Amino acid sequence: MKKISLYLQLLSLSILLAACDTKAPVAIEAVDTSSNIQALAKGFSAHWLTPQIILLPKQQTNNRYQLTKLAANTVDTVALTATTLPKKLAEKFPHLTGFQSYKVNISNELAKQWLKHSLVITSLDADKQLIAATYIQTGAVIDALYTSVDNDADEVTDLGANISEQGVSFKLWAPTAQAVSVLLFDENLQAMPNAQLAMIEDSKTGVWQVTTGDEASYAYYQYQVRVYHPASKKVETLQVTDPYSLSLSVNSEYSQVVNLNDATTQPSHWAEHSIPRVKNIEDNIFYETHIRDFSANDPSLTNPKFKGKYKAFSEENSDGMQHLKALQASGLNNIHLLPTYDIATVNEEASQHIDMADSLAKVCTIAAKASICQQDYNEQQTLKSLLSSYATDGKKAQQLVSELRAVDNYNWGYDPLHYTVPEGSYAVNAQGVARLVEFREMVQNLHELGFRVIMDVVYNHTYASGLDPKSVLDKIVPNYYHRLDPLTGAIEQSTCCDNTATERVMMEKLMIDSLVIWARDYKIDGFRFDLMGHQPKSAMLKAREAVRSVDSDTYFYGEGWNFGEVANNNQFVQASQLELGGSEIGTFSDRLRDAVRGGGNNTRATQGIGNGLLMQANELQTTAQSQASYELLMNQLRIGLAGNLADFPITDKQGRPLLGKDVPYGDQPTGYAKDPADTINYVSKHDNQTLWDNSQYRLAFDVSTQDRVRMHLQSLSFALFAQGIPFVHMGSEFMRSKSFLRDSYDYGDWFNRVDFSAQENYYDVGLPPAEKDQANWPLIQQVLLGHEGRDKVDAEDIAFSNQVFQQMLAIRMSTPLFRLTTAQEIIEQVSFLNIAGASQDGLLVMQIKSGATQENSTLDDKHNYQSVIVIFNISPKTQRFSYSGASTYILHPLQQAGIDEQVKASKISADEFEVPALSSAVFVSLKALH
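Residues numbered from 1 in each chain as written. Predicted model: local features only at pLDDT ≥ 70, side-chain atom pairs only at ≥ 80, totals over all residues. Heavy atoms only, no water.

Colleague: Residues and numbers for the packing of helix 7 (residues 319–330) against helix 22 (residues 795–814), please.
Modeller: Relative orientation of the contacting elements helix 7 and helix 22 amounts to 35°, with a least axis distance of 8 Å. Every residue of helix 22 that contacts helix 7 at H323, A326, L327 and S330 is listed here: N802, F805, Q806, L809, A810 and M813. Partitioned by chemical class, the residues of the contact of helix 7 with helix 22 number six nonpolar, four polar and no charged. (Axes fitted to C-alpha atoms, helices over the stretch in contact; angles between N-to-C directions. Helix = DSSP H or I, 4+ residues; strand = E, 2+ residues; numbered from the N terminus. Contact = heavy atoms within 4.5 Å. Nonpolar A, V, L, I, M, F, W, Y, C, P; charged D, E, K, R; others polar.)

Colleague: Summarise the packing of aromatic side chains; cite the residues concerned and give the values.
Modeller: Taken as a whole and judged by the stated rule, the model has 41 aromatic pairs. Taken together, a centroid distance of 6.4 Å and an interplanar angle of 85° make the contact between W412 and Y414 edge-to-face. When its relative accessible area of 3% is taken as the criterion, W412 is described as buried. Accessibility expressed as a relative area gives 12% for Y414, which makes it buried. In this structure, R604 packs its charged tip against the face of F701, placed 4.0 Å from the ring centre. (Phe/Tyr/Trp six-rings, centres within 6.5 Å; stacked < 30°, edge-to-face > 60°. Buried < 20%, exposed > 50% of the residue type's maximum accessible area, 1.4 Å probe, protein only. Lys NZ or Arg CZ within 6 Å of the ring centre and 35° of its normal.)

Colleague: Any chance you could break down helix 22 for me, citing the residues and the numbers?
Modeller: When the terminal C-alpha atoms of helix 22 are compared, their 28 Å separation across 20 residues agrees well with the 28 Å that a helix rising 1.5 Å per residue should span. Capping the start of helix 22 is the job of one residue whose side-chain oxygen sits 3.1 Å from the backbone nitrogen of E796: D794. (Expected span 1.5 Å × (residues − 1). Polar contact = N/O pair within 3.5 Å; in protein donor to acceptor, adjacent residues only side chain to side chain.)

Colleague: Outline the sheet that holds strand 36 (residues 865–873), listing residues and values.
Modeller: A sheet is described by the order of its strands in space; here five strands give the open sequence 34-35-36-41-38, paired in antiparallel fashion. Here the strands that pair on one side only, and so sit at the sheet edges, are strand 34 (830–832) and strand 38 (890–891). Across three bridges, the pairing between strand 34 and strand 35 (residues 843–849) is antiparallel. Note on strand 35: the bridge partner recorded for V830 is I848. The strands touched by helix 16 (residues 623–641) within the sheet are strand 34, strand 35 and strand 36, with strand 35 carrying the most contacts at an inclination of about 20°. (Pairing = 2+ DSSP bridges.)

Colleague: Go over empty space enclosed by the protein with me, naming the residues and quoting the values.
Modeller: Tallying each qualifying case throughout the model produces 13 cavities of 30 Å³ or more. In this structure, the largest cavity encloses a volume near 190 Å³. Considering the residues around the largest cavity, the lining is formed by 13 residues, among which H117, I136, T138, Y228 and P230 are closest to the centre. Of all the secondary structure elements, the ones that give two or more residues to the lining of the largest cavity are strand 7 (118–124) and strand 8 (130–137). Along the lines of polarity and charge, the residues of the lining of the largest cavity split into eight nonpolar, five polar and no charged. (1 Å grid on protein atoms, 1.4 Å probe; cavity = no way out; pocket = protein on both sides within 12 Å on 5 of 7 lines; lining within 4 Å. Points joined across faces, edges and corners; volume = space filled by probe spheres on them.)

Colleague: Pulling in residues and values, what's your account of the packing of helix 18 (residues 705–720) against helix 22?
Modeller: Viewed as axis vectors pointing N to C, helix 18 and helix 22 meet at an angle of 20°, and their least axial separation amounts to 10 Å. Relative to helix 22, the element helix 18 is oriented roughly parallel. As for the relative orientation of helix 18 and helix 22, their crossing is right-handed in sense. In contact with T705, V709, R710, H712, L713, L716, S717, A719 and L720 of helix 18, helix 22 contributes D797, F800, S801, V804, F805, M808, L809 and R812. Class assignment of the residues belonging to the contact of helix 18 with helix 22 gives a composition of 10 nonpolar, four polar and three charged. (Parallel < 35°, antiparallel > 145°, perpendicular 65-115°, else oblique. Left-handed = near helix turned anticlockwise from the far one by under 90°.)

Colleague: Give me the pairing of strand 10 (residues 167–173): which residues, what numbers.
Modeller: Among the seven residues of strand 10, seven are classified as buried, and the element is accordingly described as predominantly covered. Strand direction decides the pairing type here: strand 9 (residues 160–164) and strand 10, joined by five bridges, are antiparallel. From the neighbouring strand, G160 faces strand 10, where its bridge partner is K171. Relative to strand 14 (residues 207–212), strand 10 runs antiparallel, the two sharing six bridges. Counterpart to K171 in the pairing with strand 14 is Q209.

Colleague: Pulling in residues and values, what's your account of unusual backbone geometry?
Modeller: Positive phi values are uncommon outside glycine, yet S252 reaches one of about 60°. With respect to the secondary-structure elements, S252 resides in the loop between strand 16 (234–240) and strand 17 (255–256). Phi angles above zero are rare outside glycine, and D764 is one such case at about 55°. Under the relative-accessibility criterion, D764 is labelled buried at 13%.

Colleague: Give me the lowdown on the sheet that holds strand 14, citing residues and values where you can.
Modeller: Overall, antiparallel pairing links the four strands, which are arranged 9-10-14-13 in an open sheet. Of all strands in the sheet, those bounded by a partner on one side alone are strand 9 and strand 13 (200–202). Geometrically, the sheet is characterised by an average inter-axis angle of 25° between neighbouring strands, direction not taken into account.

This is how it looks when you write it as structure tokens:
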């Protein structure tokens, strides 16, 4: 201890001397210098913003601070001098404005060299003793040094591996690396002759590069990177795949050199196949599809190996494909695919993962510790058969599914590993080029059926970081690609996982480059962004501009939720609901969703308009509470039906004029959109319970099965008949259930099944897994008991629901008044008739009048309408609505010809409409064709 103390005093003296001369760093030679200071260092509370500016937390001390580089047996230091934070930096880093700014005198060239080592800020007290040290966050200064001028890192257009006439070039941006080389492997993943190629760094860009001959074409490769890593606090030599990978080996252990323009990477006729277009953004309607869910449960496939695969979309006559064709004929025009880039959590080797069709012999070989394997079992019995044998009111099914979920073949895919390669577990052959061809074949087949293809992307986080085997970005440029806590330096995880920092130039570039490849080379027609509010608005606008340069009618939409460390524009202006109004980047509207479904999840305490609020109250509701909630939710619903526009005018029950932005939604405005393309309307998607399950939580026990089906369809009608863009969860038309499971992301086919033969909706197939829902089991058991079987539907109910859904879809897509394209059109042409003195509980009446510029439908040019009146009767009894001129209307022809006999019983007289219970009746007034 005395020896260390003496050493630290000497070190303090040396640092103090260095403070007298800031022209050059001072080097100190000593044994264990680095380790001693590292032992003292705590947190990452220093922020190096530019080569000349460092921030530290404000402290009421007279301490002196030094920028200190630790390398092997040397310590170099430069003194810091207090200064004022420049205005531009304060605006760029608003979350750091409470820190103290310091000036550091160091050249750009030297700063680049120092960034390749461990960096700390050391602190001397008034007695010139070294008392503290903190590590430095360097992401901002890396941007300042490598991306702030022309022709530097963010202008490099060919990162990754590229095949050209000159050979194969490899480029990796790794400015903090001390050495980088490429390791080459053959098709058997064995090292090739001359397998290691040393790369040379361009000090201006931080890009390491090497070019070799044609022998590397279609070879597999890894990068070997020597870099100081904060996770271990030492220099590591790491083998890592390419963040710009375009092809991968099975399980993503090796990148592969490919040319996406080569015919070998494409299905036949790929280059010339036609892509459907939409005339207006508002003509889109999205059908959210999980690739595995689509076919894993389909016995009608011609090849059982296609279950859960891209290949299932190549089928002609499977139940799933026949259903898609029927939806397309009704007007559906977009298939939204849940994540299908390379994900981290499914073993792509079929022999190493578990499928529902596998025998228990295979199950217990892979998951020997599972409870079923600890007792006598029938080796030939399939996993599906075993799960089917369990009592649906018991816990066995959820226990077994939970035990196997880490080794089964299921995940939603919100766990990105490589952003720009198709996921291998969805391919029959996951090795190399084969998966690229299969993915493109799926896209091509969907296009040829008349669908546009949307891709769900997750640039807001990575699955892993640090030295984890499935970390990529953080091994190459540690602590750059992720957003760190301002004091501790821990990677923020508000998204669920390791949050990326899209505000960093090269993370933004990676996202944009990836999106362009998907749009240009895979012909993806639009993108849905997971937790988009965790990214800067500026990055989203820039990304869309780049994608539009290769696909002019792309559409961006996503989750604009406002939460986490970036909430309320804390670190940048977010791509959130309130900030994207007018941008025509769509955000999901939780306003209409909650008005229809009821607020919250896993609860019976609240009801929504769609599941009985006020009209069929459950036993927990009081009349006074229900009435107050009803009035608010009805106003929120009206604004939702009008595209969620901030400036849409309504009149409340008391006759007071309101705008959409005046109607409260918690502590936020209900209306935030400035254009109908800003709003995505939905009542169900992959998150949380399905619409059917959510309703069973809340419905009054005595509601009949028939009325439950009608309430389900009416809930869907609010999204389908609203201005803005509808979004439909696959299987909603079948009243899809997940047996009350709140978050089915990793819980296998048992809870995620869809039956495209329309025989089952898989309600009540066992209690949902304990990890997510054990606290809800008592309530689930209560509602199952209370409903007395009225919550169980049969094939006839499912067929009815499916046909009525398709009819509503066709009404929307053949009636352009439901797809107005500007806010002004909506404000002028949409109105709500049963307001103020005309208000009737249980009735919502919406009128849409034709405008002078209204165009004919692209689907059905036979009729256009002067006016549409939609009467949503949400009560359990027939209701009448007085309207002068009602006799000029007829029930929509599609409803007249449809399967719903109840809505056909609607009546029209000279001045009145009569609509049966729980019906969304569409009345139209004809006008002459243009």
